[in-house]
Amino acid sequence: MLYMQLHSMAPRWKWKAGSLSSCNVLLAVEPEQAELLDRCCFGRLVLSAEKDKKWIQLSFEEAFYLLYNLKCIKIYLQGRCLENEVDTWMYMKSQRPNFPIFFKAYSPLRSKNWVLRSGLQYGVDFVAYRHHPSLVHSEYSVLVQSGDSNRLRVWSDVHCAVRLSGSVAKTLLTVHVSGNSEKEDLNLPLCLENYRVEEQTICRWSPELNREDETTNPKPNATTVSDLKPV
Amino acid sequence: MEEKDWEASSSSEEEAGFALDDDEQFHSGPKLQFRVGSSKARWVTELAMAEVEVKRGKLWTTTGVIRSGKTYCFIEEALYLSEIGELQMLGSEDDEVMIPLKSLYEKIAEEKSGCCWESYEVYRYLKGLGYIIRRHGVPWTSKDAAITTPSGECFKDKDDVTRLLEDMQLCDARAVFDVYLPTSRFKKSSPGEPSFVACFSGDSPPSKEDVKVLQSRVATSLMFCHVAQGRVSFFSFNSIDLPVLP
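Residues numbered from 1 in each chain as written. Chains lettered and ligands numbered in written order. Predicted model: local features only at pLDDT ≥ 70, side-chain atom pairs only at ≥ 80, totals over all residues. Heavy atoms only, no water.

**Some details on the overall build of chain B**
Along the backbone of chain B there are seven helices and ten strands. Within chain B, the fraction of its 246 residues that count as buried is 51%. (Helix = DSSP H or I, 4+ residues; strand = E, 2+ residues; numbered from the N terminus. Buried < 20%, exposed > 50% of the residue type's maximum accessible area, 1.4 Å probe, protein only.)

**Topic: the interface of chain B and chain A**
Interface size is commonly expressed as the accessible surface area that is lost when the partners come together. With 45 residues of chain B at the interface, the matching set in chain A holds 37 residues. Between chain B and chain A, roughly 3800 Å² of surface is buried when both sides are summed, and carbon and sulfur atoms account for 59% of that area. Three residues stand out in chain B for area buried against chain A, namely Phe-235, Leu-242 and Leu-245 of chain B, and they jointly supply 19% of the buried area on that side. Run the count over chain B and chain A and you get three salt bridges. Linking Lys-112 of chain A and Asp-241 of chain B is a salt bridge whose minimum nitrogen-to-oxygen distance equals 3.0 Å. (Contact = heavy atoms within 4.5 Å. Buried area = accessible area lost by both parts, 1.4 Å probe. Salt bridge = Lys/Arg side-chain N within 4 Å of Asp/Glu carboxyl O.)

**So, the UniProt feature "domain: tRNA intron endonuclease N-terminal" (unreviewed entry) in chain A**
The residues that UniProt annotates with the feature "domain: tRNA intron endonuclease N-terminal" (unreviewed entry) are residues 18–87 of chain A. Secondary structure content for residues 18–87 of chain A is 31% helix and 33% strand, and the end C-alpha separation is 14 Å. (UniProt positions renumbered as here; feature names shortened; annotations may be inferred.)

**Description of the sheet that holds strand 9 (residues 221–228) of chain B**
Here we have ten strands laid out as an open sheet, ordered 7(A)-8(A)-9(A)-10(A)-11(A)-10(B)-9(B)-8(B)-7(B)-6(B), and mixed in their pairing. Unpaired on one side and paired on the other, strand 7 (115–118) of chain A together with strand 6 (132–135) of chain B mark the two borders of the sheet. With strand direction ignored, the average angle separating the axes of adjacent strands in the sheet is 35°. In the sheet, strand 9 (residues 140–146) of chain A pairs with strand 10 (residues 171–177) of chain A via seven bridges, with the strands oriented parallel. Each bridged residue has a counterpart across the sheet, and for Leu-143 of chain A the counterpart in strand 10 of chain A is Thr-174 of chain A. (Pairing = 2+ DSSP bridges. Axes fitted to C-alpha atoms, helices over the stretch in contact; angles between N-to-C directions.)

Structure (structure tokens):
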């Protein structure tokens, strides 16, 4: 949807230029474009006194997605346009070593139209929204896992992450990015070609809460666990 | 407690007239207090099970397995019932000498009877809440018992050898108990599918691969148990596919 909208605005959109810094990409857009980006939940508006121009701050993941997947921005570094996406990728990777793996988790979920924002305030990598964040609370708190990651390696980590998620009414979701290790080529375009993500929810179950007595409902078949509410 | 009422109360003829004082038994001190006329079972070392000789109470509708018309129970079942004063365990040699609780705890600690301490904690916790539990994959009744079991129909079970071979597939996680929701209508002859299978993954949470391997072997939902300092927690690790949103 965003892709089509942005491209329908293409002549006016004019390949918006984003300037790359060590931790984000700043994009200058016209007010109506700022609105569009906001509607599609990309970036954060930087408040400024300027009236005819709006500044949007994009995370690396958001910026790269707009660059690589939606092809609607161009990236500039210190005034010079990075024509080759690989250069942007390499720069972002140099600033944030976990950028490649985070992007590999961000991209497929974003392609399914889930909105992903920073999950730092909830102790996770991302939070995932079904709709615009102003309309709903996020449903999932997302942790990115790769083959050799050491997230959630001990039980106390699991208890902690689940409890934290639950206390803010979210379900913990881990996104496993397959086929990724230090030694593998983390460079474009190879690493974005053949990889898989697998989503997994981790929920805590409380046996005290879900013991319906089945005398009133005489089914010999069991209630499936998915019917049982997580704590 | 609700679940103790339906479990302990019974309509069996031997029961009439006995005053139940479950709470006292539950909180009994080091001395064992048994309900007068509690069940009796004899430990059979070769089987690592106890053969039930005297049954008291309705609890046997949800505990123990039936083989050739006789009821047997595993160490966790025997220990639990002993702890709550519902069972007196007898030794293999002497007729009426009771095996003390201490020996039953030792059997669990030795881990030679198919149940370790963590498994027992899970068993005890869920059983105390009224859930119906059996060891994973062990049929409630066996085929041989078709003629003699009072319950009627046979429970079809998977070939033991096949199951053993499957279990040898490399996987740190293992399925331990089949758990059914509490119900007073439970029948060993047609138990239906369990609500979930309680699993252990060892010291660490299960890896994604282990969850997959285990789920491929088990038709029902998996619940991973974590036991620490006497506290039991249950976590589900479910693969989902986030839907494509409009």
